[in-house]
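# Fold and contact review
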Amino acid sequence: MSLHRLEVVRSHLTAGRLPKPALDPSLDQYRSKGAEFDPSILHRLIDDVTFEYDTANYKAMERTGAFDHFKYLDQSRENLREIFVKQIAVIKECLPLDADDDHENPIKSFSFAKMLSTFDQGLFARHTVNSSLYGDTVHALGTAKHSELRNRCLLYKDYGCFGLTELGHGTNGAGIETRADYDHEKRGFVLNTPSYLGAKWWIGAAGKTANIAAIFAQLYVGGVNQGIQVFAVPIRDYETHQSLPGVILGDCGPKIGLEGIDNGFIYFTNYRVPYDCMLDRFSQIDAAGKFHSKIKNKTKRFSAMLGGLLRGRTGVLMSSCANLRNALTIAIRCSAVRRQFGKPGKPERPILDYPLQRYRILPHLANVFAISFALDEMIKNFKSARQAVHLNPESIESEETHAILSFLKPLSSTYAQNGITALREACGGLAFSAYSYFGQLKSNHDANVTWEGDNNVLVQQTARFLLKNLQRLTKGQKLQAKTLYFLRLDFGEIQKQRAAFETKAALRDSPEELKKMLIHRINWLMHYSVLKLQENVGNYPDVVEAWNHSQVHHLRELALAYGELYLADIFLTRLAKVQPQCMKTHAILMRLFELYVLGIVERDLGTFRESEYLSAAQGRYIKEYVRDLTWELGESAVRIVDAIAYPDFVVGSALGHSDGQVYQRLLDAIESARGVYDTPPWFPLLKQLRPS
Ligand SMILES: Cc1cc2nc3c(=O)[nH]c(=O)nc-3n(C[C@H](O)[C@H](O)[C@H](O)COP(=O)(O)OP(=O)(O)OC[C@H]3O[C@@H](n4cnc5c(N)ncnc54)[C@H](O)[C@@H]3O)c2cc1C
């Protein structure tokens, strides 16, 4: 028997020393109140497209017995990495995925990835660096001769990694230094890292795991720079796992989260690879040694190469939904059980009874519905979007998909980042225990705002898309992008727009009126941003400077406003879907929709007052109605999260278990831990501290 197991047995023998309280804390009180609705409809709606796969996957995952959060809380970095690989092996065994599945039915692979992301963001990332980042890059940029590489990756015969970022360059990927010089005589390339700033950095799985990498490098043919190309190159010996001659691999060291992934660095020194390593769908070097590309412009070509990130960015949206949903499950259940203050002689009140607590929690519930519906839509359309990007990365459809992901990734990851922090705080000190699982949610989610394109830089691509289409409209062209139906040219008309509602009551059950507010905001920000940009073009030496000085309060807000309107639109389609099924469920969802939209308006009241769309009195009605909504939804909050919560073993929190045994579970976990009642071996030091 291992030392740890002995410790656990000993702890159990001494556990349960404390007597139980008279009032057994439970979720019953909250489960017996609030509005009526059909939980199965709500559950189906939020996970619609992957629903059947999800249900089967979670059952299979639980049956393996290999997924238990509490077991892995105190593990070292190395152990955690090993555990994740073991878990992937276990889950792959019972839920096999092959290359055809991924191609023909990406919904199945999304459900698989979703299962991992809901359980642990680190486990999910361990899987996606290979299957999405590396695999999709090979698929998007390679040709027929590379299809075997993709199959090998999906079957885990190879473990791939994605090497774009360098120590010196991240968001400006075009500035990377790694170079690949074409050697015509040997019909191959020589890879070199000119300085440590050019070392590939942060590369997930490069530190210890991957045997192959998709490397982004500056291609030189006959000494002339031909822009960035991607090369699928072996980096470790397949049998010995040693780095190959000419390749130096190392670990980027401890991080502030996601310790289960071995982010690493890669240096190349005169590393020779054959011609076929180049992923040559867009560009080739002919038999005479001449470079050709079907996308002549280097910048456009580089942008097209990032099309492989389609699934990676959808993955950030997916894990943001999962992390926020788990945080809400924990916070709402904990707040319904935890009691503080009360009338003399009466039991104390659950903290969820306090209007302030509901106001802090419920807007995040509305947000999670909004982003989850968008995720569902992305997954549903993924196959056709991937095909469109593959066929023509410069088509309007590809442009629009890219613009949508460029706001969905930032919006969802920011909603989740803010939500997880607010919800942790809303649960007080109990949530500071690692057994709450808030710590892992916070530290593991953090990278989502940075990787796959830093949020603040990525939304600039959405802003560019909006301006480009406004320009098309100005030239009298018809807009083909479906999500831009709202764009108006007449600024004078927009300036005159005013909200029509005159009472708080008028805000209820008027989804189209609420949507009009978001449409007004985006058109107003659009014109306001164009004016700022024009002014800055006159004030600054070049367009780039003018662009940079037009971000704050203008282009960034514009891009995010477009994103929030898009989310509201998808929410409305889900409302319409529920209406014929169940009016009571429709009513609950309508309140969530209202809270989503009015929460945005409340946060951005300054813009609506500046444009004079809302009067001071209307602003007050909105604030009042938001308070009403959080109060009303708070009554049903436990049953709403019951409807949408992931299984208990997935949530993995003492505070968020469906049985509501917050204290008992916390104590059980603490008393089962190693050394809980031990005298520390360092106690003699305390004696040394004492004055002699
Ligand atoms: C855990 C982790 C795993 C990763 N895994 C991989 C991987 O597998 N493969 C890979 O290639 N990369 C990976 N990355 C790298 C990741 O993609 C980059 O961190 C990301 O692209 C941001 O680049 P950067 O860190 O260099 O930030 P920088 O580019 O240095 O940006 C720093 C800050 O400056 C701001 N900024 C930069 N430019 C502008 C501008 N024009 N306007 C306004 N603000 C600006 C940004 O908003 C940001 O806040 C990983 C990163 C992390 C943290």
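Look up a bit, the structure's there.
The structure contained in this document is the topic of the report that follows. Note that the structure is a prediction, hence the values are computed from the model and not measured. (Residues numbered from 1 in each chain as written. Predicted model: local features only at pLDDT ≥ 70, side-chain atom pairs only at ≥ 80, totals over all residues. Heavy atoms only, no water.)

## Let's talk about the overall build of the protein chain
Note the cut-off: Helix and strand assignments follow DSSP, with helices taken as H or I runs no shorter than four residues and strands as E runs no shorter than two, numbered in order from the N terminus. Radius of gyration: over C-alpha atoms. The globule rule applied is 2.2 Å multiplied by the number of residues raised to the 0.38 power. Each residue's exposure class comes from its accessible area (1.4 Å probe, protein chains only) as a fraction of the maximum for that residue type: buried when under 20%, exposed when over 50%, partly exposed otherwise. Throughout, a contact is declared for two residues whenever any of their heavy atoms are within 4.5 Å. For the accessible areas, the method is Shrake-Rupley and the probe is 1.4 Å, while residue cover comes only from the protein chains on display.
Along its length, the protein chain carries 25 helices and 13 strands. Since a compact globule built from 692 residues should have a radius of gyration of about 26 Å, the 27 Å found for the protein chain is in line with a globular shape. The C-alpha extent of the protein chain, read off along each of the three principal axes, is 90 × 75 × 60 Å. Among the 692 residues that make up the protein chain, the fraction classed as buried is 56%. In the protein chain, the proportion of contacts linking residues at least 24 apart, taken out of those at least 6 apart, comes to 77%. Of the roughly 30,200 Å² of accessible surface on the protein chain, 56% is carried by carbon and sulfur atoms.

## Let's talk about the packing of helix H12 (residues 355-391) against helix H13 (residues 396-426)
Heads up, the rule is: Orientation is described by lines fitted to C-alpha atoms, with helices fitted over the stretch in contact, and by angles between N-to-C directions that extend from 0 to 180 degrees. The labels follow the angle: roughly parallel below 35 degrees, roughly antiparallel above 145, roughly perpendicular from 65 to 115, and oblique for the rest. Whether a crossing is left-handed or right-handed is set by the direction in which the near helix is turned from the far one by less than a right angle, anticlockwise for left-handed and clockwise for right-handed.
Taken N-terminus to C-terminus, the directions of H12 and H13 make an angle of 155°; their axes are 9 Å apart at the nearest point. One finds that H12 runs roughly antiparallel with respect to H13. Here H12 runs over H13; the crossing is left-handed.

## Things to note about the pattern of salt bridges
Heads up, the condition is: Only one rule defines a salt bridge in this text: a Lys or Arg side-chain nitrogen within 4 Å of an Asp or Glu carboxyl oxygen.
Enumeration according to the criterion identifies 49 salt bridges in this entry. Overlapping salt bridges, with partners in common, bring together Lys33, Arg349, Asp353, Arg358 and Glu635 in one network.

## Section: the site of the ligand
Quick reminder of the rule: Whether a residue is near a molecule or strand depends on its heavy atoms: if one lies within 4 Å, it is near. Any N or O atom pair separated by 3.5 Å or less is treated as a polar contact, with the protein-specific requirement of one donor-capable and one acceptor-capable atom, and with residues adjacent in sequence counted only for side-chain atom pairs. Note that Gly is not counted as nonpolar here; it falls among the polar residues with everything else outside the nonpolar set of Ala, Val, Leu, Ile, Met, Phe, Trp, Tyr, Cys and Pro and the charged set of Asp, Glu, Lys and Arg.
Near the ligand, the surroundings consist of 16 residues, among which Phe162, Thr165, Thr171, Gly204 and Asp454 are the closest. A distance of 3.4 Å separates an oxygen atom of the ligand from a polar atom in the backbone of Gly170. Residue Trp202 places a main-chain N or O atom 3.0 Å away from a nitrogen atom belonging to the ligand. Its free accessible area being 970 Å², the ligand has 64% of it covered by the protein chains. Mapped by element, the contributors of at least two residues to the shell around the ligand are strand E4 (200-204) and helix H15 (455-474). Its residues assigned to classes, the shell around the ligand comprises 6 nonpolar, 8 polar and 2 charged.

## Considering the nonpolar core
Note on soluble globular proteins: their nonpolar side chains tend to be buried together. The following threshold applies: We call a set of buried Ala, Val, Leu, Ile, Met, Phe, Trp, Tyr and Cys residues a nonpolar core when their side-chain atoms join them within 4.5 Å.
Residues Phe189, Leu365 and Phe369 are the most contacted members of the largest nonpolar core, which totals 207 residues. When residues of this core are assigned to their parent elements, the largest contribution, 15 residues, is made by H12. When residues no more than four places from it in sequence are discounted, the contact partners of Phe189 are Ala180, Asp181, Tyr182, Leu219, Phe231, Tyr271, Arg272, Val273, Pro274, Tyr275, Met278 and Ile285.

## Remarks on the packing of H15 against helix H19 (residues 551-578)
Each pair of packed helices can be summarised by the angle the axes make with each other and by the distance between the axes. Where H15 meets H19, the axes come as close as 8 Å, and the angle between the chain directions of the two elements is 80°. With respect to H19, the element H15 is oriented roughly perpendicular. Along the contact surface, H15 presents Asn456, Val459, Gln460, Thr462, Ala463, Phe465, Leu466 and Leu467, while H19 presents Gln551, Leu555, Arg556, Leu558, Ala559, Leu560 and Tyr562.

## Structural notes on the environment of His127
Checked against the element boundaries, His127 lands in helix H8 (residues 121-141). Classification of His127 by relative accessible area gives buried; the value is 6%. Aside from chain neighbours lying at most four places away, what touches His127 is Ile88, Phe112, Leu116 and Tyr156. Looking at His127, its side chain comes within polar contact range of the side chain of Tyr156, at 2.8 Å.

## Quick word on helix H20 (residues 583-603)
To keep things clear, this is the line we draw: Helices are assigned an expected span. That span is 1.5 Å times one less than the residue count.
In this model, H20 (21 residues) spans 30 Å end to end at C-alpha, consistent with the 30 Å of a helix rising 1.5 Å per residue. By the criterion of burial, H20 is predominantly enclosed, with 17 of the 21 residues buried.

## Structural notes on the pairing of strand E6 (residues 224-234)
We count it as follows: Whether two strands pair depends on DSSP finding at least two bridges between them.
Buried residues dominate E6, accounting for 8 of its 11 residues. Sheet topology note: the strand E5 (residues 212-221)/E6 ladder contains 9 bridges and is antiparallel. Within E6, the residue paired with Ile212 across the bridge is Pro234. Remark: 2 residues form the turn of the hairpin made by E5 and E6, two consecutive strands paired antiparallel; Gly222 in that turn has positive phi of roughly 60°.

## Things to note about the pairing of strand E2 (residues 179-183)
Bridge analysis of E2 against strand E3 (residues 188-192) gives 5 bridges, and the strand direction is antiparallel. Residue Arg179 lies in a different strand from E3, and its bridge partner there is Asn192. The turn joining E2 and E3, which pair antiparallel and follow one another in sequence, is formed by 4 residues; a positive phi near 45° is taken by Arg187. Bridge count between E2 and E5: 3 bridges; the pairing is parallel. Looking across to E5, one finds that Ala180 is bridged to Leu219.

## What to know about a nonpolar patch on the surface
For clarity, the cut-off: For patch building, the residue pool is restricted to those with more than 30% relative accessible area and no salt bridge; the joining distance is 9 Å between like charges and 5 Å between nonpolar side chains (Val, Leu, Ile, Met, Phe, Trp, Tyr).
Taken together, the side chains of Trp682, Phe683, Leu685, Leu686 and Leu689 define a hydrophobic patch exposed on the protein surface, amounting to about 550 Å² of accessible area. Take Leu686: it is sitting in helix H25 (residues 683-689). Classification of Leu686 as partly exposed rests on a relative accessible area of 40%.

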